[in-house]
Amino acid sequence: MAPQPFGRLITAMVTPFTSDGSLDLDESRRLAAYLVDEQGNDALVINGTTGESPTTDDDEKKALLKAVVAEVGDRAQVIAGVGTNETAATIKRCHDAVEAGAHGVLVVTPYYSKPPADALLEHFVMVADSTDLPVMLYDIPSRSGIPIPEDVLIELDRHPTIVAVKDAKGDLVSSARVMASTDLAYYSGDDAVTLPLLSLGAVGLVGTSTHFTGAATKEWLSLWEDGATQEALELYRRLLPVYTGVFATQGCMLVKAALAARGFTTHTLRRPLKPASSAQARTFLQVLEAAGL
């Protein structure tokens, strides 16, 4: 495998809230420890979309980062989701991430604005210039409205702090071309596509289902790296219904429902999201059980 700046297995952690909607830092620390110590994550993304980042303010984001860094920062990397559709705001969140002790930042394509390629390139360069932390770009056109063009990714590879891509583009051929032309470490941003991306040169996963599949996913990632490809494929296939099932509705809704069924205080979501229905939760729990989880 290529260099893995953030390890192989990363989970985009949900954000626990109390019943009145306040940030629950105690449960956040407990969840982070579970993800690192029991599910084997090498890193966690905090304040990502799965963490309902559009609903938390900057002070909450900083407090959550500090709490998670204090809890697991000695044994896993903590990556701060900092991307917005405004360059200045993204740079400010980079500074907040440094102050909170984060080990890296995740920068999504500016959503809704749909900047042209040259402006998009300048946005990422300006953000990366503002911090010494390693930067993971987040390429997810289904949410941002536009992909990061291949030539922009290839140009960004020249920047010393831009080291990785969370790839949720859904275009394996395009991803393969960029991996062949750069030293960027590619991480799958879609749980189910991880193995195909590995075959093209990717190094790991930033997952959602990995709140539950983390240990088993890390097992087959290690098998793949060791050349035991058939064994890796068999385990991947067993987990595939979970990789896809977690997105039957918004991923954080099902993750929070299943965590709550396992004793975590994660029932509350902030609007516009809402808790999964009992039928949705039951179906996902059955998928987990069928996979031996």
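Residues numbered from 1 in each chain as written. Predicted model: local features only at pLDDT ≥ 70, side-chain atom pairs only at ≥ 80, totals over all residues. Heavy atoms only, no water.

As recorded in an unreviewed UniProt entry, the chain goes by the name 4-hydroxy-tetrahydrodipicolinate synthase, listed as coming from Propioniciclava flava. In its Subunit (unreviewed entry) section, the UniProt entry covering the chain states "Homotetramer; dimer of dimers." What UniProt records for the chain under Pathway (unreviewed entry) is the sentence "Amino-acid biosynthesis; L-lysine biosynthesis via DAP pathway; (S)-tetrahydrodipicolinate from L-aspartate: step 3/4." (UniProt positions renumbered as here; feature names shortened; annotations may be inferred.)

A. Structural context of the packing of helix H1 (residues 25–37) against helix H2 (residues 58–72). Interhelical geometry of H1 versus H2 gives an angle of 45° and a closest axis separation of 9 Å. On the basis of their axis angle, the class for H1 and H2 is oblique. Of the two possible hands of crossing, H1 and H2 adopt the one that is right-handed. Mapping the contact onto sequence places Leu25, Ser28, Arg29, Ala32, Ala33 and Val36 in H1 and Ala63, Leu64, Ala67, Val68, Glu71 and Val72 in H2. Each residue belonging to the contact of H1 with H2 can be placed in one class, and the counts come to nine nonpolar, one polar and two charged. (Axes fitted to C-alpha atoms, helices over the stretch in contact; angles between N-to-C directions. Helix = DSSP H or I, 4+ residues; strand = E, 2+ residues; numbered from the N terminus. Parallel < 35°, antiparallel > 145°, perpendicular 65-115°, else oblique. Left-handed = near helix turned anticlockwise from the far one by under 90°. Contact = heavy atoms within 4.5 Å. Nonpolar A, V, L, I, M, F, W, Y, C, P; charged D, E, K, R; others polar.)

B. Structural view of the UniProt feature "site: Part of a proton relay during catalysis" (unreviewed entry) in the chain. The sites that UniProt annotates as "site: Part of a proton relay during catalysis" (unreviewed entry) are Thr49 and Tyr112. Restricting the annotated residues just mentioned to those that line the largest pocket leaves Thr49. Locating Thr49 in the fold gives a position in the loop between strand S2 (43–46) and H2. Residue position: Tyr112 is located in the loop between strand S4 (104–108) and helix H4 (117–129). Judged by its relative accessible area of 74%, Tyr112 falls in the exposed class. Excluding residues within four positions of it along the chain, Tyr112 makes contact with Asn85 and Ser144. (1 Å grid on protein atoms, 1.4 Å probe; cavity = no way out; pocket = protein on both sides within 12 Å on 5 of 7 lines; lining within 4 Å. Buried < 20%, exposed > 50% of the residue type's maximum accessible area, 1.4 Å probe, protein only.)

C. Seen up close, H4. With 13 residues, H4 extends 18 Å from end C-alpha to end C-alpha; this agrees with the ideal 18 Å at 1.5 Å per step. Every buried residue of H4 is listed here: Leu120, His123, Phe124, Val127 and Ala128. Taken end-on, H4 shows its buried residues confined to a sector of 125°, consistent with a single buried face. With respect to the buried face of H4, the exposed residues turned more than 90 degrees away are Asp118 and Asp129. Against the buried residues of H4 lie helix H3 (87–100), S4, strand S5 (135–139), helix H6 (150–156) and strand S6 (162–167). (Expected span 1.5 Å × (residues − 1). Arc of directions from axis to C-beta.)

D. Here's a closer look at the UniProt feature "active site" (unreviewed entry) in the chain. UniProt's feature table lists "active site" (unreviewed entry) at Tyr138 and Lys166, given in the numbering used throughout. Separation in sequence by 29 residues is not matched in space for these annotated residues, since their most distant C-alpha atoms are only 4.7 Å apart. Set against the largest pocket, the annotated residues named above that line it are Tyr138 and Lys166. As for its placement among the helices and strands, Tyr138 is situated in strand S5. Residue classification places Tyr138 among the buried positions, given a relative accessible area of 9%. Every residue in contact with Tyr138, bar those within four places of it in the chain, is listed here: Leu106, Val107, Val108, Thr109, Ile148, Lys166 and Ala168. Considering the arrangement of structural elements, one finds Lys166 in strand S6. Residue Lys166 is classed as buried on the basis of its relative accessible area of 7%. A polar contact of 3.3 Å, which involves the side chain of Lys166, links it to the side chain of Tyr138. (Polar contact = N/O pair within 3.5 Å; in protein donor to acceptor, adjacent residues only side chain to side chain.)

E. Looking closely at the pairing of S6. By the criterion of burial, S6 is predominantly enclosed, with five of the six residues buried. One ladder, built from five bridges, connects S5 with S6; its direction is parallel. Bridge assignment links Met136 to a residue of S6, and that residue is Ala164. Note: S6 against strand S7 (residues 185–188), four bridges, orientation parallel. Across the sheet, Lys166 pairs through a bridge with Tyr187, a residue of S7. With respect to chirality, the unit in which S6 leads through helix H7 (residues 172–181) into the neighbouring parallel S7 is right-handed. (Pairing = 2+ DSSP bridges. Right-handed = clockwise from strand over helix to strand, strands pointing away.)

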